[in-house]
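Understanding the architecture of this molecule
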Amino acid sequence: MNAPARRPRIALVAGEASGDGLGAGLIAALRERCPEAEFAGIGGDAMRGEGCQTWFDAGELAVMGLSEVLRHLPRLLSLRRAFRERVLAWQPDVFIGIDAPDFNLGVERWLKQRGIRTVHYVSPSVWAWREKRAQKIGASADRVLCLFPMEPPIYARHGIDARFVGHPMADDMPLQPDRAAARRALDLPVEGPVLALLPGSRLGEIQRLAPPFLEAARRLVAEVPGLRVCVPAASEACRALLESLLADPRLSVPDLRLLDGHARTALYAADVVLLASGTATLETMLAKRPMVVGYKVAPMTYRIVKALGLLKVQRYALPNVLAGEDLAPELMQEDCTPEKLADAVLHWFRAPRDVAALQPKYLQLHEQLRQDASARAADAVVELLGSSTPRRAVG
């Protein structure tokens, strides 16, 4: 009599809140396709809510900044060793590393060398940085699940199996957001101009960007009658830093509202958005709001990046990269001044025809990214599970 088939086992790692959300959506979609599957690994509340057994919490990986990483390095290395050994002993049918490439790619490579199928979900930005990184990622992952359509062709040039699955944020956000409802939620007047100001979610970003952003907002309040300014703070630490900066009379802005979170609601409520380069530019595009993108890094870091030719793109903001044209002004490094930021924002307030011309372009990009990402990612994982059996573990 044949022994009953073992239930499919799927190991996953998510290292921060965004990855935990991606993991939860993926688990839910996988469970629809494989109701008997078991899920285990590293995750947070969202993944646990979908039935994932977490051997370690995602918060244990959530460290940012060189000094913080160095301080936690012995603990992280010990955790990685213990985790990968536990995964290997559990013998999953597939291991899925969700973002967190510094942690996951090493684990994936180690497991792949021992016969475990591996998937990396959320490609690092190979389109922006050294393309040869794609080869290293291929050495770690049997399949890469990409959020953006320009990524799989890069992997294809290196013979790596990569699939565009769409972006979950595009699935979550409405095609036509409700500005009036967002303003009511934030207790803002339904009529009248509103600027959302997002100087970043990391303290270093805020330290560099909030002063020129706030100075720009001071200029705009003088130019745009009745302007309200909303500044979402990503955390208590971010709020405390912003409050200390706003205490400086040179940076104080009339009618400024400092919000505890609610960044997406602030985007919906705004007429124009001034923000740091990063994922928030994609969220602003999906909110269908005109934006001005500013960014600064430490001067030495900028000189090193430029001298070594590490950055391979002319455009930085994701909407511009996706569109292949300059939908949003980008004011980087020495161009990120209060004067230039204010002038660029003022254009959007004074050029309603240009704002209207953006809408069909934003909508087209939104529809391109809106692919039911969790379902497509699950299909790609299930297809890999159904492929030929890999070499078994050798210990």
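Look a little higher up for the structure.
Residues numbered from 1 in each chain as written. Predicted model: local features only at pLDDT ≥ 70, side-chain atom pairs only at ≥ 80, totals over all residues. Heavy atoms only, no water.

Structural notes on the overall build of the protein chain
Heads up, the rule is: Numbering goes from the N terminus for both helices and strands, where a helix is a DSSP run of H or I of at least four residues and a strand is a run of E of at least two. Only protein chains enter the accessibility calculation, which uses a 1.4 Å probe. A residue is then buried if its area is under 20% of the maximum for its type, exposed if over 50%, and partly exposed in between. Any two residues having at least one pair of non-hydrogen atoms within 4.5 Å are treated as being in contact. Every accessible area reported is derived by Shrake-Rupley at a probe size of 1.4 Å, with residue values counting cover from the shown protein chains alone.
The helix and strand inventory of the protein chain stands at 17 helices and 13 strands. Within the span of the protein chain, comprising 395 residues, buried residues form 49% of the whole. In the protein chain, once contacts between residues fewer than 6 apart in sequence are set aside, the share between residues at least 24 apart is 69%. Put simply, the protein chain shows about 18200 Å² of open surface, and 52% of that area lies on carbon and sulfur atoms.

What to know about the pairing of strand β6 (residues 143–146)
The cut-off we apply is this: Any two strands are treated as partners once DSSP identifies two or more bridges connecting them.
Side chains Arg 143 and Leu 145 of β6 all project onto a buried face; the interleaved residues Val 144 and Cys 146 project onto the opposite face, where all are buried too. As judged from the three bridges shared by strand β5 (residues 118–121) and β6, these two strands associate in the parallel manner. Looking at β6, one finds that Val 119 is bridged to Arg 143. The pairing of β6 with strand β7 (residues 162–164) spans three bridges and is parallel. When the sheet's bridge partners are listed, Val 144 is paired in β7 with Ala 162.

As for the packing of helix α1 (residues 17–33) against helix α17 (residues 373–385)
We apply this condition: In this analysis an axis means a line fitted to C-alpha atoms, helices contributing only their contacting stretch, and an angle means the value between N-to-C directions, from 0 to 180 degrees. If an angle is under 35 degrees, it is roughly parallel; if it is over 145, roughly antiparallel; if it lies from 65 to 115, roughly perpendicular; otherwise it is oblique. Definitions for this section: a left-handed crossing has its near helix turned counterclockwise from the far helix by less than a right angle. A right-handed crossing has that turn clockwise.
As a packed pair, α1 and α17 sit with axes 8 Å apart at the nearest point and diverge in direction by 55°. In this view, α1 runs oblique relative to α17, as classed from their interaxial angle. The handedness of the crossing between α1 and α17 comes out as right-handed. Residues Gly 25, Leu 26, Ala 29, Leu 30 and Arg 33 of α1 pack against Ser 374, Ala 375, Ala 377, Ala 378, Asp 379, Val 381 and Val 382 of α17.

What to know about unusual backbone geometry
Residues apart from glycine generally show negative phi values, whereas peptide bonds are mostly found in trans. At Asp 99, a residue that is not glycine, the phi angle is positive and equals roughly 55°. For Asp 99, the location among the structural elements is in the loop between β4 (94–98) and α4 (101–112). Positive phi outside glycine occurs at Asp 255, with the angle close to 55°. Relative to the helices and strands, Asp 255 resides in the loop between α10 (236–246) and β10 (256–260).

Description of the sheet that holds β4
A sheet is described by the order of its strands in space; here seven strands give the open sequence β3-β2-β1-β4-β5-β6-β7, paired in parallel fashion. With partners counted over all chains shown, the strands left at the sheet margins are β3 (53–57) and β7, one partner each. For this sheet, the mean inter-axis angle between neighbouring strands, taken without regard to orientation, is 15°. Taken strand by strand, α17 contacts β1 (9–14), β4, β5, β6 and β7, and its axis lies near 170° from that of β6.

Thoughts on α1
This is how the line gets drawn: A helix is expected to span 1.5 Å multiplied by its residue count minus one.
With 17 residues, α1 ought to run about 24 Å at 1.5 Å a step, and its terminal C-alpha atoms sit 25 Å apart, in line with that. Looking only at α1, the buried set comprises Gly 19, Asp 20, Leu 22, Gly 23, Ala 24, Leu 26, Ile 27, Ala 29 and Leu 30.

Observations regarding the sheet that holds strand β8 (residues 194–198)
Read across the sheet, six strands follow the order β10-β9-β8-β11-β12-β13 without closing on themselves; strand pairing throughout is parallel. If you trace the sheet from one side to the other, it starts and ends with β10 and β13 (330–332), each paired once. On average, each strand axis in the sheet is inclined to that of its neighbour by 20°, with strand direction left out of account. Relative to the sheet, helix α9 (residues 203–223) contacts β8, β9 (228–233), β10, β11 (272–276) and β12 (291–295), its axis offset from that of β8 by approximately 165°. Strand contacts of helix α15 (residues 338–350): β8, β11, β12 and β13, with the helix running at about 165° to β12, the strand carrying the most contacts.

Thoughts on the pattern of salt bridges
Which entries qualify depends on this criterion: Whenever a carboxyl oxygen of Asp or Glu lies within 4 Å of a side-chain nitrogen of Lys or Arg, that contact is scored as a salt bridge.
Taken as a whole and assessed by the stated rule, the structure comprises 20 salt bridges. Measuring nitrogen to oxygen at the nearest pair gives 2.9 Å for the salt bridge that ties Asp 161 to Arg 163. By relative accessible area, Arg 163 is classed as partly exposed at 27%. Between Arg 183 and Asp 271 there is a salt bridge, and its shortest N-O distance comes to 2.8 Å. Taken together, the residues Arg 183 in helix α8 (residues 179–185) and Asp 271 in the loop between α11 (263–269) and β11 connect sequence positions 88 residues apart.

Comments concerning the nonpolar core
Applied cut-off: We call a set of buried residues a nonpolar core when its members are Ala, Val, Leu, Ile, Met, Phe, Trp, Tyr or Cys and they connect through side-chain atoms within 4.5 Å of each other.
In this structure, Leu 12, Ile 96, Tyr 121, Leu 195 and Val 229 are the most contacted members of the largest nonpolar core, which totals 106 residues. Residue contributions to this core peak at nine residues, all from α9. Apart from residues no more than four positions distant in its own chain, Ile 96 is found in contact with Ile 10, Ala 11, Leu 12, Val 13, Leu 26, Leu 30, Val 119, Tyr 121 and Val 381.

Structural notes on the environment of Ser 125
As for its placement among the helices and strands, Ser 125 is situated in the loop between β5 and α5 (133–140). For Ser 125, a relative accessible area of 29% corresponds to the partly exposed category. Along the primary structure Ser 125 and Cys 146 are separated by 21 residues, whereas in three dimensions their C-alpha atoms are 10.0 Å apart.

Structural notes on the side chain of Glu 283
Convention followed: By the criterion applied in these results, polar contacts are pairs of N or O atoms within 3.5 Å in which, for protein atoms, one can donate a hydrogen and the other can accept it, and in which residues neighboring in sequence qualify only through two side-chain atoms.
One can find Glu 283 in helix α12 (residues 279–286). A distance of 2.7 Å separates polar atoms of two side chains, one belonging to Glu 283 and the other to Arg 264. Contacts of Glu 283, omitting those with residues within four sequence positions, involve Met 169, Met 173, Arg 264 and Leu 267.

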